[in-house]
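# Coordinate inspection notes
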Amino acid sequence: MSITTSTLTRGAAVAAALAGLAYIVIQFIHPSDVVASLSTRRWEFVHILSFAEAVLAVVGLTGMYLKQVRQTGILGLIGYLMFGFFFILQSSFTFAEAFIAPLFAADAPQVSVDVVGLFGRYEAVTDLGPLAALPTIGGLLYVGGALLFGIAVIRARVLSRGAGILLVAAAAITPVAGALLPHTLERMAAVPMGLALIWLGYSLWSDQRAGTAESRQPTDEARIKPAVA
């Protein structure tokens, strides 16, 4: 099978949809950010899944951006870079949660809890240095990137505008949920974001298939031009 632009775009569409689905599932099965969870199979599975979700999201987001790169302009570029860097940060952090934090849970349980609880709004007892800034940086990249990229999608009119609106709404409710809800319920704010990624992935797939089908249709000139013996 030859690798074409169309094939890569469809692959990115599938990656975005799978990332959105995984993002939703993770919220319902994520264990508590406590030291007792670190040695469980569930903890390992959830964070491996989260790592895969972040990688798939970067692939999907890249495909979406390249599909509408001319139409989104500088706004789309900034949104893409911010949102993409969030998922890169997420993949790095979840890799550490899955494979590194459990290694020193027995000898330094408080450090383990403080590290894995960074995004769980737990107040750290240990001095984590620059790591303590990760939630703030991650929040800015996540909310700001999704807002800008969603607005760019709406303005570009290449992918579904409804999906772009949902992406913007999902980003907007995240800080509100963080301020008003406990962390266990705050997680549910990720569900609209997951749905937006699925919708965008479907839109990218549909647009690519429509474009491929259109390119295969003979032009009017080709249909009426007589065959030359």
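Structure: see above.
To keep things clear, this report deals only with the structure shown in the data block.

Tallying secondary structure elements over the chain gives 9 helices and 0 strands in all. The helix and strand sequence of the chain, counted from the amino end, reads α-α-α-α-α-α-α-α-α. Contacts in the chain between residues far apart in sequence, at least 24 positions, make up 71% of those at least 6 positions apart. Accessible surface computed for the chain: about 12300 Å², of which carbon and sulfur atoms make up 68%.

We now examine a nonpolar patch on the surface. A cluster of nonpolar residues, Ile48, Phe51, Val55, Val59, Phe95, Phe99 and Ile100, forms a patch on the protein surface that exposes about 550 Å² of accessible area. Where the nonpolar patch is concerned, the elements lending two or more residues are α2 (41-67) and α3 (69-99). Counting residues per element, the nonpolar patch draws most heavily on α2, which supplies 4 residues. Among the structural elements, Val55 can be located in helix α2. Classification of Val55 by relative accessible area gives partly exposed; the value is 38%.

Let's shift gears to the pattern of salt bridges. Enumeration over the complete set of coordinates arrives at 1 salt bridge. With its nearest N and O atoms 3.5 Å apart, the salt bridge here joins Glu44 to Arg41. Residue Glu44 and its partner Arg41 are located together in helix α2, separated by 3 residues, close to a single helical turn. Given a relative accessible area of 28%, Glu44 falls into the partly exposed group.

What follows concerns the nonpolar core. The biggest cluster of nonpolar side chains holds 33 residues, and the ones touching the most others in it are Met64, Phe83, Phe149, Leu167 and Met193. Contributions of two or more residues to this core are made by α1 (5-29), α2, α3, α5 (134-156), α6 (161-180) and α8 (190-216). For this core, the leading source of residues is α5, giving 7 residues. In this view, Phe83 contacts Leu61, Leu141, Tyr142, Gly145, Ala146, Leu167 and Met193; residues no more than four positions away in its chain are not counted. Among the nonpolar cores identified, the runner-up in size contains 6 residues, and Leu89, Phe93, Leu118 and Leu134 belong to it.

Turning our eyes to something else, we now look at unusual backbone geometry. What is expected of a backbone is that most residues other than glycine have negative phi and most peptide bonds are trans. Phi at Arg157 is positive, roughly 60°, even though this residue is not glycine. According to the relative accessible area criterion, Arg157 is exposed, its value standing at 58%.

On inspection of all chains with the given rule, the structure shows 7 aromatic pairs. Counting every residue linked through ring pairs, the aromatic cluster contains Phe83, Phe86, Phe87 and Tyr142.

This brings us to the side chain of Ser112. Tracing the backbone through its elements, the reader meets Ser112 in helix α4 (residues 109-116). Judged by its relative accessible area of 0%, Ser112 is buried. Excluding anything up to four places from it in sequence, Ser112 contacts Leu38, Ala101, Phe104 and Ala105.

This next bit is on the packing of α3 against α5. Orientation of α3 relative to α5, taken along the N-to-C sense of each, is 145°, at an axis distance of 7 Å. Classified by chirality, the crossing of α5 by α3 is left-handed. Here the residues of the contact of α3 with α5 sort into 19 nonpolar, 7 polar and 1 charged.

Criteria and thresholds
- Residues numbered from 1 in each chain as written.
- Predicted model: local features only at pLDDT ≥ 70, side-chain atom pairs only at ≥ 80, totals over all residues.
- Heavy atoms only, no water.
- Helix = DSSP H or I, 4+ residues; strand = E, 2+ residues; numbered from the N terminus.
- Contact = heavy atoms within 4.5 Å.
- Areas by Shrake-Rupley, 256 points an atom, 1.4 Å probe, with all protein chains shown as cover.
- Patch = residues over 30% accessible without salt bridge, like charges linked within 9 Å, V, L, I, M, F, W, Y side chains within 5 Å.
- Salt bridge = Lys/Arg side-chain N within 4 Å of Asp/Glu carboxyl O.
- Buried < 20%, exposed > 50% of the residue type's maximum accessible area, 1.4 Å probe, protein only.
- Core = buried A, V, L, I, M, F, W, Y, C linked by side-chain atoms within 4.5 Å.
- Phe/Tyr/Trp six-rings, centres within 6.5 Å; stacked < 30°, edge-to-face > 60°.
- Axes fitted to C-alpha atoms, helices over the stretch in contact; angles between N-to-C directions.
- Left-handed = near helix turned anticlockwise from the far one by under 90°.
- Nonpolar A, V, L, I, M, F, W, Y, C, P; charged D, E, K, R; others polar.

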